[in-house]
Every structure is written in structure tokens, then in C-alpha cells.
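What the coordinates show
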Amino acid sequence: MEEKGKGSERWGAAIGNLSEMASNLESLQKLLLEKAVFVDEETFAKASLSSEQARTIKVLEQRVETLERELDAAITAAARSRSEKRQAEAAQKAAELRSQEITRELENTTKVFELHMEELRAKQQEISKRDSDIKVLEAIIQTLGGKETPSSSSSSSRPSH
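Residues numbered from 1 in each chain as written. Predicted model: local features only at pLDDT ≥ 70, side-chain atom pairs only at ≥ 80, totals over all residues. Heavy atoms only, no water.

The next subject is the overall build of the protein chain. Across its full length, the protein chain carries 3 helices and 0 strands. For the protein chain, the succession of helices and strands along the chain, N to C, is α-α-α. Accessible area of the protein chain: about 14300 Å², with a carbon and sulfur share of 59%. (Helix = DSSP H or I, 4+ residues; strand = E, 2+ residues; numbered from the N terminus. Areas by Shrake-Rupley, 256 points an atom, 1.4 Å probe, with all protein chains shown as cover.)

Between side chains of opposite charge, pairing is possible as soon as their charged atoms come close. In this structure the tally under the stated criterion is 7 salt bridges. With a shortest N-O distance of 2.1 Å, Arg10 and Glu68 are connected by a salt bridge. With Arg10 in helix H1 (residues 2–34) and Glu68 in helix H2 (residues 41–145), the pair connects residues that are 58 residues apart, well separated along the chain. Residue Glu126 pairs with Arg130 through a salt bridge whose shortest N-O separation is 3.1 Å. You can see Glu126 and its partner Arg130 sitting in helix H2, 4 residues apart, about one turn around the helix. Using a relative accessible area of 40% as the deciding quantity, one classes Glu126 as partly exposed. The exposure class assigned to Arg130 is exposed, which follows from its relative accessible area of 53%. (Salt bridge = Lys/Arg side-chain N within 4 Å of Asp/Glu carboxyl O. Buried < 20%, exposed > 50% of the residue type's maximum accessible area, 1.4 Å probe, protein only.)

When pLDDT is averaged along the protein chain, the result is 85, and 84% of the positions lie at 70 or above. Looking at the elements of the protein chain, mean pLDDT is at its lowest for helix H3 (residues 150–156), recorded as 51, and at its highest for H2, recorded as 93. Low pLDDT, under 50, characterises residues 155–161; the stretch is placed with 5 contacts to residues that sit more than four places away or in other chains. (pLDDT = per-residue confidence, 0-100. Contact = heavy atoms within 4.5 Å.)

On to a nonpolar patch on the surface, then. Together, Val136, Leu137, Ile140, Ile141 and Leu144 make up a nonpolar patch on the protein surface, roughly 480 Å² of accessible area in all. Assignment of secondary structure puts Leu144 in helix H2. (Patch = residues over 30% accessible without salt bridge, like charges linked within 9 Å, V, L, I, M, F, W, Y side chains within 5 Å.)

Accessibility expressed as a relative area gives 16% for Glu68, which makes it buried. The residues touching Glu68, leaving out its near neighbours within four places in the chain, are Gly7, Arg10 and Trp11.

The following block contains the structure:
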């Protein structure tokens, strides 16, 4: 932004110079109208050269103004691009962190699930063992108590809790 201030200062000075030149040209024109001056060819050629150089300077000054505006626009665009890049990098970093967090959660959930599965298998084995024990006990009760059917013995011989 400091460069813009310097550029504006220069352009202000340049515009002041152009205004002064316009005033000088008007004064010269009035002087020529009032007192026409006739000069030799060499002086005329020098004046024509000066005039051509003045036109060239004006064109170059305009080109400098255009280039300075383009430079300012390029600097602004570069700053905007850097800012957008930083924002994109921050968003990517946040997404990566969130991804790592979700991965940890999934790993923890998997471990908990495995523990529950081990518990369920152990309980299933315990149930199977107890079921097997119950069948053995029913068979013992059946042999001791006679030839009752398992359905009648299950309702009458089992103690209730």
C-alpha cells in the first residue's frame, strides 16, 4: 500500500506538470498570435524535435501509469492467492486431524467390539456348558427317578428359583 501512495504522489506531480505544460502552451500560443515569430529551418527543426519528444514523453508516461496499475493489480492478486492458499492449507490440516480422530474412534470401537465378542463367546460357552450339565442332570434324574419323559421331568423335577 505504501507503493500505491508513492505512485499516487508521482501521478499527482505528473498531472501538475502536464497542467503547467498546458498553461505554458496556451501562453506560447497567445504570444505567437500576438507576435508571430519566424525562425530559420534549424530552429524550427529543433522545435519540432522538442515537440515530438514531448509527445513521446506523454505516451511513455501513460504507458508507465498503465504498467503501475497492472503491477498493483498483480500484487493484489498475489496477496489474495497467498491468503486463499493459507486458508486451503488450514482446511486441509483440519480435515487431516478430523480424519485421524475418526480413525482413532473406529479403532477404539473395534477394540470394544472385540472385547464384547469375547465376552459373548465366553457366555455362549458357559451357556453351552450349563445346558450340557442340565442334560446330564436330567439323564441322572431320569435314571434315578424312573422312566419319566424329559418334558414331564423338566416341569416337575427342576427346582424353581
